[in-house]
Amino acid sequence: MFEVMDLDPMVLPQAAGIRRRPVIPARKQPANFDERYDWWTLVYGAARRPGGLVLVCPKLVNLRGVLKEGVFRAGGAALRMGRLRRYRRHDELYLKGEVRGDKLEFSHGDMRLSCPVQGSWEGFSGRRCLVTTSKNNELDWIVDWVAHHVHHQGSEAVLLHDNLSTLYEPGEILERLRGVAGLKAARVVSVPCRYGPLGTRPPRGLAKFLQGGLLNLARQGALSEARSVLQCDIDEIAVSDEGRPGLHEAAETARLGFATAPAFWRSAAVPQGSYARHGDHDLAWTPERGTKEKWAVVPGRGLGRFHWDVHGVAGYLFNKRAMVDGVRFYHCERLSTDWKRPRSAGELPEGAVEDAQTKAALARVGLPRS
């Protein structure tokens, strides 16, 4: 199964005059806050569950009242609002009742909104799946990232959320992924929602609703029957020492159904007139520059039943306990669209020198160089 699809969320019409209250106070908002904040997305999507549906939403804040005042129907049958589960950067609203058909409709006064109803996706059930969110990453980076995890970590399928890329169409990503040997399924989902701004002071990430929301929609729907799920960004690669398991295997054999690995920054000398690839990133620092760990999980078992986030599941409480020896992520500094800070080009960061162990590991796993 190789296909492109649109997310098709429920989005409030701007003409309705209803929008989400900011979760970051004005004194901590960046200059571009208004252009990057998601004021209007009401529901990312809906997924089937026993006895009804679960809606995965950006933080509802004041918009919970809009949902409470409206009417939900699936195939003509009305659904009742159940509990609301609040998380740091997304919310999950449960609806009770008989679900008919594959479309959820919502009415509020003269406003009519709808979104598809998801179940587990054919082609992903029972397989080891990669999941990520991407915007304007080089196509070579995406292909290298997928191919590496297929060949070195045992991934079999990839769910890629393409968030408003302007350099290419989602179908171009899919066509490149068709050429990855060993990849059995790929779905590129075109996501029209805003990613969210960073605040100027901690906690900076409260308005970044999208990535966590998409992960939990996948947990509830598309990837709910996957054998295991490995989550990391395009600029991060999981590398296992010889004789050590991959993260998929580690999660599948763990009592908690969850495995993490530490992440370390690596840099590269950017070739003149070109861009760096993962395999160029053999420069390191002493002491190490670490970054937050990434993970793999078994959906529906152990910790996989709880909410997923960018750097862990169930609120990161078990990240250290689930860490696997002999596995690490290399966080490739030069693979960047510079959306957060400039890092794709220019002078090498102070103190970065060639690291023999990293160079040997990258050569062993066969990652391409520029």
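Counting restarts for each chain: residues are numbered from 1 in the order of the written sequence. Restriction of local features to residues with pLDDT of at least 70 applies here, the model being predicted, together with a cutoff of 80 or more for giving and counting side-chain atom pairs; totals for whole chains, interfaces and linings are based on all residues. Excluded from the side-chain calculation are hydrogens and water; included are all heavy atoms of the structure.

A. Representation of the sheet that holds strand β14 (residues 228-231) within the structure. The mixed open sheet is built from nine strands, whose spatial order is β1-β13-β12-β11-β14-β18-β16-β21-β15. Both outer strands of the open sheet, β1 (2-6) and β15 (236-240), are each paired with one neighbouring strand and no more. Going across the sheet, the axis of each strand differs from the next one's by a mean of 25°, ignoring polarity. Bridging between β1 and strand β13 (residues 185-191) involves five bridges; their strand directions are parallel. Pairing between strands is defined by DSSP: at least two bridges between the two strands are required. Strands here are runs of E lasting at least two residues and helices are runs of H or I lasting at least four, both read from the DSSP assignment and numbered beginning at the N terminus. Helix axes are fitted to C-alpha atoms over the stretch in contact, other axes to C-alpha atoms as well, and angles between N-to-C directions run from 0 to 180 degrees.

B. Here's a closer look at the pairing of strand β16 (residues 258-266). Buried, partly exposed and exposed residues are distinguished by accessible area as a fraction of the type maximum, computed with a 1.4 Å probe on protein chains only: under 20%, between the cut-offs, and over 50%, respectively. Of all nine residues making up β16, eight are buried, and the element is well covered by its neighbours. Direction of pairing for β16 relative to strand β18 (residues 290-297): antiparallel, over a ladder of six bridges. From the neighbouring strand, A263 faces β18, where its bridge partner is T291. Note: β16 against strand β21 (residues 327-332), four bridges, orientation parallel. Among the inter-strand pairings, F264 is bridged to a residue of β21, identified as Y330.

C. Structural context of a positive patch on the surface. Positive charge collects at one region of the surface, where R80, R83, R85 and K96 lie side by side. Top contributing element to the positive patch by residue count: strand β7 (residues 77-86), with three residues. Here R80 is to be found in strand β7. Patches draw on residues past 30% relative accessible area with no salt bridge. Two like charges within 9 Å are joined, as are two nonpolar side chains (Val, Leu, Ile, Met, Phe, Trp, Tyr) within 5 Å. Note on areas: Shrake-Rupley with a 1.4 Å probe; residue coverage comes only from the protein chains shown. Salt bridge, as applied in this entry: a Lys or Arg side-chain nitrogen positioned within 4 Å of an Asp or Glu carboxyl oxygen. His residues and chain termini do not enter the charge count, which takes Lys and Arg as positive and Asp and Glu as negative. To locate a charge, take atom NZ for lysine, CZ for arginine, CG for aspartate or CD for glutamate.

D. Main features of unusual backbone geometry. Cis geometry is adopted by the peptide bond preceding P203, which originates at P202 and carries an omega value of -10°. Looking at the secondary structure, you find P203 in the loop between β13 and α5 (210-220). Omega for the bond connecting T286 with P287 falls within 30 degrees of zero, at 0°, which places this linkage in the cis form. Here P287 is to be found in the loop between β17 (283-284) and β18. Positioned with a positive phi, D8 is a non-glycine residue whose angle comes to about 55°. Mapped onto the elements, D8 comes out in the loop between β1 and β2 (10-11). Its relative accessible area of 42% is what places D8 among the partly exposed residues. Phi is positive for Y316, close to 70°, though the residue is something other than glycine.

E. Here's a closer look at helix α7 (residues 356-365). Every buried residue belonging to α7 is among T358, A361, L362 and V365, and all of these are buried. Along the long axis of α7, the arc covered by the buried residues comes to 95°, so they all point the same way. Exposed and facing more than 90 degrees away from the buried side of α7 are A356 and A363. Note on contacts: a residue pair is in contact if any heavy atoms of the two residues lie within 4.5 Å. Taken together, the buried residues of α7 touch α3 (139-153), β15, β16 and β21. Looking one or two residues beyond α7, the residue adopting positive phi is G366, at roughly 75°. The directions from the helix axis to the C-beta atoms form the arc being described.

F. Geometry of the packing of aromatic side chains. Pairing of aromatic side chains here covers Phe, Tyr and the six-membered ring of Trp, requires ring centres within 6.5 Å, and sorts the geometry by plane angle: under 30 degrees stacked, over 60 edge-to-face, intermediate tilted. Going through the model one piece at a time under the given rule, you end up with eight aromatic pairs. A centroid spacing of 4.8 Å and a plane angle of 20° characterise the contact between F33 and Y37, whose relative ring orientation is stacked. Given a relative accessible area of 1%, F33 falls into the buried group. Look at Y37 and F209: their rings are 5.8 Å apart centre to centre, the planes differ by 65°, and that puts the pair in the edge-to-face class.

G. Fine view of the pairing of strand β9 (residues 103-108). Here β9 shows a buried face lined by L104, F106 and H108 and an unburied face lined by K103, E105 and S107. Note: strand β6 (residues 71-74) against β9, four bridges, orientation antiparallel. Bridge pairing in β9 places A74 opposite L104. Pairing of β9 with strand β10 (residues 111-118) involves six bridges; the strand directions are antiparallel. What sits directly across from L104, in β10, is C115. Hairpin connection of β9 to β10: two residues between the antiparallel strands, including G109 at a positive phi of 60°.

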